[in-house]
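Overview (structure and organization)
So you can see what is in the structure, the chains are spelled out below.
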2 protein chains.
Amino acid sequence: MKSLLRYDRTVTYHHGDLRRTLLAETASAIAEDGVAKLSMRALAKRAGVSNAAPTYHFGDKSGLLTALATEGYDRLAEAMSGVDEGGGLIDRGVAYVEFALACPSHFTVMFQPRLLHDDDGELTAARQRAWAALSVGVATTRSGPDSDFGVAAWSLVHGYATLVLSGAVEPEDALRQARIVAGHLVEGADRSR
Amino acid sequence: MKSLLRYDRTVTYHHGDLRRTLLAETASAIAEDGVAKLSMRALAKRAGVSNAAPTYHFGDKSGLLTALATEGYDRLAEAMSGVDEGGGLIDRGVAYVEFALACPSHFTVMFQPRLLHDDDGELTAARQRAWAALSVGVATTRSGPDSDFGVAAWSLVHGYATLVLSGAVEPEDALRQARIVAGHLVEGADRSR
DNA sequence: GATCTATCTTTTCACTGTAAAGATTCGTCG
DNA sequence: CGACGAATCTTTACAGTGAAAAGATAGATC
């Protein structure tokens, strides 16, 4: 019987790896035009599938962004645990900024809970893992009820990353400046470890 | 002749203060449901006018958000110049956070240039005024090529505000914690003025 | 009072997200 | 090998959106 397919892709009917492809295309589309202009239909066209294919995999647009944020938290946890051993607080802060600049679309979406299904199971699990990886070596540096210092450190690197991504701060070398900036907070704290 | 109006508002045909009303409604709508779910038509209905009325005043949706961001920069400049005299660096940082929490919709939009007509004249002018008001007393505290300290201070308060607004940090008393957090960066810098 | 301009409405169009139902392929078990 | 169920993708349809164009009304100016 003759195929009635409009999108008669010569390869296969089943894409095989569509979910991952869609996530990657979403990240690059957001990096180009921002999350506000992200279109499910344009995304589908970009991946070479029909417009309802993304909805099948992610439920809805928020589900797509939830999956992207989950992936982001996983990558962040991985990035943070990568400098777990030798590096001090500053190195960990720089790694945070490095992640934000390397995965700007993920980073942006991760901190806009209104775009997500914020109570999604995998999302909250990945988020908890990332939080755990983040707080390693921070709360322990200045112990006691002084976790305000941890909030300060997080705020500093998060703010710097946000300002750079928004274009409010335009450094020559972001990671280099991140190191300097983080140094202003840490001062003797890193030495007293 | 009988009026053909569908929206036969008993008051006046001309609203009289529609632009300001739309800006206020926009701010509260974003505060409730986020900027992604902001609808020009719903906004118009909420203000009791036809769907094309907002477009007349702001050109398009980006124009509306540009006007909101401009208003935000003006309010920020005002808030920062309010603590210009007596207060030190910490007070200025707290004022920044206070503004962000008091005007979350403005603050959010101000740092998402993709949503705006970023080269708009009034926007860039208001932004420059705010930047000027921000850098007062920061670059001068630690002079020389050490404006990296200014970036650090800005990053700290901006990051803290962002994290609180996104729900990533949930303090009992945000302004109190902001003061403590800012204290970790400033340390002796404020004393040496 | 007439005319010009600012403000607002109506209508229309292409595009969006998403729901529902159908088509195709894959995996699995007989 | 064959059949059947499940997973994957397509088609179609619908209400809602931003924006453009043209018309209606009110206010201002002379």
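Look above for the structure.
One structure accompanies this document, and this report is about it. (Residues numbered from 1 in each chain as written. Chains lettered and ligands numbered in written order. Predicted model: local features only at pLDDT ≥ 70, side-chain atom pairs only at ≥ 80, totals over all residues. Heavy atoms only, no water.)

1. Observations regarding the interface of chain B and chain A
- With 35 residues of chain B at the interface, the matching set in chain A holds 35 residues.
- Around 2800 Å² of area is buried between chain B and chain A when both sides are counted, 64% of it from carbon and sulfur atoms.
- For chain B, the biggest contributors to the area lost against chain A are B:Arg114, B:Leu163 and B:His184; these three give 21% of the whole.
- Here chain B and chain A share 0 salt bridges between them.
- Summed over the shared surface of chain B and chain A, the result is 6 residue pairs in polar contact (both at pLDDT 80 or more).
- Breaking the side of chain B that touches chain A down by element, the ones donating at least two residues are α1 (18–33), α8 (148–166) and α9 (174–186) of chain B.
- Looking at which element gives the most residues to the side of chain B that touches chain A, the answer is α8(B), with 13 residues.
- Class assignment for the residues of the side of chain B that touches chain A results in 19 nonpolar, 9 polar and 7 charged. (Contact = heavy atoms within 4.5 Å. Buried area = accessible area lost by both parts, 1.4 Å probe. Salt bridge = Lys/Arg side-chain N within 4 Å of Asp/Glu carboxyl O. Polar contact = N/O pair within 3.5 Å; in protein donor to acceptor, adjacent residues only side chain to side chain. Helix = DSSP H or I, 4+ residues; strand = E, 2+ residues; numbered from the N terminus. Nonpolar A, V, L, I, M, F, W, Y, C, P; charged D, E, K, R; others polar.)

2. Remarks on α9(B)
- The terminal C-alpha atoms of α9(B) lie 18 Å apart, and with 13 residues this matches the ideal 18 Å at 1.5 Å per residue to within 8%.
- For α9(B), the complete set of buried residues consists of B:Ala174, B:Gln177, B:Ala178, B:Val181, B:Ala182, B:His184, B:Leu185 and B:Val186.
- At its buried positions, α9(B) is contacted by α8 (148–166) and α9 (174–186) of chain A together with α5 (89–102) and α8 of chain B.
- Two to three positions downstream of the cap, the backbone nitrogen of B:Leu175 sits 3.4 Å from a side-chain oxygen, assigning the N-cap of α9(B) to B:Asp173.
- Directly after α9(B), the chain includes B:Glu187, whose backbone phi takes a positive value near 50°. (Expected span 1.5 Å × (residues − 1). Buried < 20%, exposed > 50% of the residue type's maximum accessible area, 1.4 Å probe, protein only.)

3. Concerning the packing of aromatic side chains
All names here are of chain A.
- By the definition in use, this model includes 13 aromatic pairs over all chains.
- Judged by centre distance (5.5 Å) and plane angle (90°), the ring pair of Tyr 73 and Trp 131 falls under edge-to-face. With a gap of 58 residues between them, Tyr 73 in helix α4 (residues 61–81) and Trp 131 in helix α7 (residues 121–135) connect regions that are remote in the sequence.
- Classification of Trp 131 as partly exposed rests on a relative accessible area of 24%.
- A centroid spacing of 6.4 Å and a plane angle of 25° characterise the contact between Phe 111 and Trp 131, whose relative ring orientation is stacked. Linking Phe 111 in the loop between α6 (104–110) and α7 with Trp 131 in helix α7, this pair joins segments that are 20 residues apart in sequence.
- Among the aromatic residues, those joined into a cluster by ring pairs are Tyr 73, Tyr 96, Phe 99, Phe 107, Phe 111, Trp 131 and Trp 154. (Phe/Tyr/Trp six-rings, centres within 6.5 Å; stacked < 30°, edge-to-face > 60°.)

4. Notes on the relation of the copies chain B and chain A
- By a simple turn and slide, chain B fits onto chain A: the slide is 0.0 Å along the axis, the RMSD is 0.0 Å, and the turn is 180°. What the superposition gives is, in effect, a two-fold axis relating one chain to the other. Minimal C-alpha separation from the rotation axis in chain B is found for B:Gly159, amounting to 1.7 Å.
- A high fraction, 100%, of the interface residues of chain B reappear at the interface in chain A, so the copies pair face to face through one surface. (Least-squares fit on C-alpha atoms with pLDDT ≥ 70 in both.)

5. Here we look at the environment of B:Thr21
Residue and element names in this part refer to chain B.
- By secondary structure assignment, the location of Thr 21 is in helix α1.
- Here Thr 21 falls in the partly exposed class, since its relative accessible area comes to 22%.
- Taking C-alpha positions, Thr 21 is 10.0 Å from Arg 46, a pair spaced 25 residues apart along the chain.

6. Some details on the packing of α8(B) against α9(B)
Residues and elements named next belong to chain B.
- Where α8 contacts α9, the two axes come as close as 10 Å, and the packing angle between them is 155°. On the basis of the axis angle, α8 is roughly antiparallel to α9. Classified by chirality, the crossing of α9 by α8 is right-handed. Side by side, α8 and α9 meet where Phe 149, Ala 152, Ala 153, Leu 156 and Tyr 160 of the first sit next to Ala 174, Gln 177, Ala 178, Val 181, Ala 182 and Leu 185 of the second. (Axes fitted to C-alpha atoms, helices over the stretch in contact; angles between N-to-C directions. Parallel < 35°, antiparallel > 145°, perpendicular 65-115°, else oblique. Left-handed = near helix turned anticlockwise from the far one by under 90°.)

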